[in-house]
Amino acid sequence: MEEEMLQFHEMGIDDRLLKAIADLGWAQPTLIQEKAIPLALEGKDILARARTGSGKTAAYAVPVIQHILASKQSVREQDVRAVILVPTKELGQQVHAMLDQLTRYCARDVRVVDISGKADISAQRPILMEKPDVVVGTPSRVLIHLTAQNLALQSLEVLVVDEADLLFSFGFEADVKNLLCHLPKIYQSFLMSATLSTEVQSLKEMILHNPVILKLEGSQLPASCQLQQYSIQCEEEDKFLLVYTLLKLRLVRGKTLLFVDSIERCYRLKLFLEQVGVPACVLNSELPIHSRCHIISQFNQGFYDYIIASDEHTLSAPKTPLPAGGSKTEKGGKKQPKIKGTKDKEYGVSRGVDFQNVSNVINFDFPKSVDSYIHRVGRTARANNQGTALSFISATEMPTHDDVKKSLGECVPPPPPPFKRTFTMLDAMRSVTKQGVKEARLREIKQELLNSEKLKTYFEDNPRDLQLLRHDKDLYPAVVKPHMKNIPDYLGETYSMHVHPLSSVGRKPEPNKNIF
Ligand code: AMP
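Here is what the cut-offs are and how they apply
Residues numbered from 1 in each chain as written. Predicted model: local features only at pLDDT ≥ 70, side-chain atom pairs only at ≥ 80, totals over all residues. Heavy atoms only, no water. Core = buried A, V, L, I, M, F, W, Y, C linked by side-chain atoms within 4.5 Å. Buried < 20%, exposed > 50% of the residue type's maximum accessible area, 1.4 Å probe, protein only. Helix = DSSP H or I, 4+ residues; strand = E, 2+ residues; numbered from the N terminus. Pairing = 2+ DSSP bridges. Axes fitted to C-alpha atoms, helices over the stretch in contact; angles between N-to-C directions. Contact = heavy atoms within 4.5 Å. Expected span 1.5 Å × (residues − 1). Salt bridge = Lys/Arg side-chain N within 4 Å of Asp/Glu carboxyl O. UniProt positions renumbered as here; feature names shortened; annotations may be inferred. pLDDT = per-residue confidence, 0-100. Phe/Tyr/Trp six-rings, centres within 6.5 Å; stacked < 30°, edge-to-face > 60°. Lys NZ or Arg CZ within 6 Å of the ring centre and 35° of its normal. Parallel < 35°, antiparallel > 145°, perpendicular 65-115°, else oblique. Nonpolar A, V, L, I, M, F, W, Y, C, P; charged D, E, K, R; others polar.

### Quick look at the nonpolar core
For soluble globular proteins, nonpolar side chains are generally found buried alongside one another.
So, step 1. Counting 48 residues, the largest nonpolar core has Val243, Tyr267, Leu269, Leu273, Ile307, Ile308 and Phe392 as its most contacted members.
So, step 2. Ranked by residues supplied to this core, first place goes to helix 11 (residues 263–275) with seven residues.
So, step 3. Residues Ile37, Val62, Val64 and Val86 belong to the second largest nonpolar core, which totals 41 residues.

### Re the sheet that holds strand 2 (residues 82–85)
So, step 1. The strand order 3-4-2-5-6-1-7 describes an open sheet built from seven strands, whose pairing is parallel. Every interior strand has two partners, whereas the edge strands, strand 3 (112–114) and strand 7 (212–215), have only one. Going from strand to strand, the sheet's axes swing by 10 degrees on average, the running direction of each strand aside.
So, step 2. Here strand 1 (residues 46–49) runs beside strand 6 (residues 188–193); their pairing, made up of four bridges, is parallel. Bridge pairing in strand 6 links Leu47 to Leu191.
So, step 3. Where helix 3 (residues 56–74) meets the sheet, it contacts strand 2, strand 4 (134–137), strand 5 (158–161) and strand 6, and its direction lies at approximately 170 degrees from that of strand 6.

### Section: the environment of Glu235
So, step 1. Inspection of the secondary structure puts Glu235 in the loop between strand 8 (227–233) and helix 10 (236–248).
So, step 2. Measuring from C-alpha to C-alpha, the distance between Glu235 and Ala395 comes to 7.1 Å, with 160 residues separating the pair along the chain.
So, step 3. Other than its neighbours up to four places away in sequence, Glu235 contacts Ser394 and Ala395.

### Points about helix 11
So, step 1. With 13 residues, helix 11 should cover 18 Å at 1.5 Å per step; its first-to-last C-alpha distance of 19 Å lies within 8% of that length.
So, step 2. In terms of burial, helix 11 is a largely internal element, 13 of the 13 residues being buried.
So, step 3. At the exit of helix 11 stands Gly277, carrying a positive phi of roughly 75 degrees.

### Things to note about the pattern of salt bridges
So, step 1. Under the definition given, this model contains 19 salt bridges.
So, step 2. For Arg104, the salt bridge goes to Asp23, with nearest N and O atoms at 2.9 Å. Placement of Arg104 in the loop between helix 4 (89–102) and strand 3 and of Asp23 in helix 1 (residues 15–23) is noted, with a sequence separation of 81 residues between them.
So, step 3. Residue Glu42 pairs with Lys44 through a salt bridge whose shortest N-O separation is 3.0 Å.
So, step 4. Residue Lys44 is classed as partly exposed on the basis of its relative accessible area of 33%.
So, step 5. Put simply, Glu236, Lys239, Arg265, Asp365 and Glu397 are held in one network by salt bridges that share partners.

### Some thoughts on the UniProt feature "domain: DEAD-box RNA helicase Q" (unreviewed entry) in the protein
So, step 1. Residues annotated in UniProt with the feature "domain: DEAD-box RNA helicase Q" (unreviewed entry) correspond here to residues 6–34.
So, step 2. Each end of residues 6–34 is marked by a C-alpha atom, and these two atoms are 6 Å apart; helix forms 45% of the span and strand 0%.

### Some points on the pairing of strand 11 (residues 306–310)
So, step 1. Taken across its five residues, strand 11 has five buried, putting it largely inside the fold.
So, step 2. On strand 11, burial covers both faces: Tyr306, Ile308 and Ser310 on one face and Ile307 and Ala309 on the other are all buried.
So, step 3. Where strand 9 (residues 256–260) lies against strand 11, five bridges are found, and the strand directions are parallel. In the strand pairing of strand 11, Leu257 is matched with Ile307.
So, step 4. In the sheet, strand 10 (residues 281–283) pairs with strand 11 via three bridges, with the strands oriented parallel. What sits directly across from Leu283, in strand 11, is Ala309.

### A few points about the confidence of the model for the protein
So, step 1. Across the protein, the average pLDDT comes to 78, with 72% of residues at or above 70.
So, step 2. In this model residues 313–341 is a low-confidence stretch, pLDDT under 50, and it forms 45 contacts with partners more than four residues away in sequence or in other chains.
So, step 3. Across residues 494–516 the pLDDT falls below 50, and counting only partners more than four positions away or on other chains, this stretch makes 64 contacts in the model.

### Brief notes about the packing of aromatic side chains
Centre distance and the angle of the planes are the two values used to describe a pair of aromatic rings.
So, step 1. Applying the stated criterion across every chain yields a total of five aromatic pairs.
So, step 2. Taking the centre distance of 5.7 Å and the plane angle of 35 degrees together, the rings of Phe366 and Tyr373 count as tilted.
So, step 3. You can call Phe366 buried: its relative accessible area is 2%.
So, step 4. Looking at Tyr373, the relative accessible area reads 1%, which means it is buried.
So, step 5. The structure contains a cluster of three or more aromatic residues connected by ring pairs, namely Phe240, Phe272, Phe364 and Phe392.
So, step 6. In this structure, Lys19 packs its charged tip against the face of Tyr105, placed 4.4 Å from the ring centre.
So, step 7. Lying over the aromatic face of Phe299, Lys255 brings its terminal NZ or CZ to 4.8 Å of the ring centre.

### Brief notes about the packing of helix 5 (residues 121–129) against helix 6 (residues 139–147)
So, step 1. Two elements in contact, helix 5 and helix 6, have axes whose closest approach is 11 Å; the angle formed by their N-to-C orientations is 70 degrees. With respect to helix 6, the axis of helix 5 lies roughly perpendicular. Contacts between helix 5 and helix 6 involve Ile121, Gln124 and Leu128 from the first element and Arg141, Ile144 and His145 from the second.
So, step 2. Residues of the contact of helix 5 with helix 6, tallied by class, amount to three nonpolar, two polar and one charged.

Okay, structure coming up:
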């Protein structure tokens, strides 16, 4: 007999929290929430292997808030009671936003501060001196404040380490270890991680006491009825042709993330799409944090259909000389051109960040490891939504594709016969020169720095005007050839005969079917 699912109101959660959950429209807990919340409320330490998009943030946020509300009934003194460690500023902001939503009806009792995103350490000092109940931050930032005695954690009751495996790949291991010296002997801990790597196991020994280990999902990706995965074998030029066709003919519908394997490729693809009249934003670690968060927030609000990104490993130079990506399974790392600028170590796109209602993920360049594939594709089909993943695979990327296939079993169908070129986009491709890409990168950094710094104060006072700021404007308008923006008739006919529209909105595609 199937077990009845435990509902939020049966978990002994405070009414104010239940009200906030109802406002979020969550009819029932996700699997991780159903299992983790009651155990956490019993006071257990938890190690959870949680798939991206599984609802893991609320799985620890609800018990943290509940714990503080309960504590406040007996202890009067104001103190920092919970610390949530995150690997990236984007995730910090997102966790903060989730806590804000959940504490909507008890914001006076549970004050939350995110110190991961703001650059100015001295400006954060007075905020921390007020001893907020919950501090969200990257390990390095929390450690800086502990060392500067801006923050004291002697009354800490709960420690959360979110995306623990990513913390390690971002090189935060030493910071986490140093930080642990500032904590009291007894506190409750939650460790959330997409994989249970050896590093995560060692962290488990350090911070968890008799933990309950939750490995809930057999697969790290949703089932094929929720997430459809397709792959197409094609070489460099055909990738551009294909993306042009899919976007221009709207064969891919809905919000789409396009992943490439370097910042330089981000701009190459953006400029190419500019040539053919498809606006897209680039999200990259060179841009100021305010711009990055603004892009994500506008994307979530539906301002843009397309974001071009590369995953965090290629952006945050790994400490060890592994191929770009840092995983043992990675292959064929391409050399990246150097542009003097500050890449942000605490940047993360393919993991952690909650892009909402993403209908499609396109791997324009195939990811360099199985993990990276899972994290990129995990940006779609989140919570209970449908999603589609489409991978372009060149001959050199095929071995990694085979690794993914081996690891994920039937999830990824075998590649179809090589894609046949019917129309070359050489004209548009040739217009995207190396110099053009370099200039576009610099121009965007300049533009965004201006937006981010000079206009920050203005926009704080006039938040509505911020909505007018778009990040998908043309970066190389002088060379756009107007004729490239039109779709040739023959192309429309050819492709509409062969390609099924890809969209997870309002359709029920047959699972595991290649589009050609
Ligand atoms: P997370 O894995 O925490 O990043 O959450 C992924 C997405 O699922 C977020 O957009 C959450 O708002 C959403 N979510 C979390 N819990 C639930 C729930 N119980 N029902 C529906 N959506 C949820």
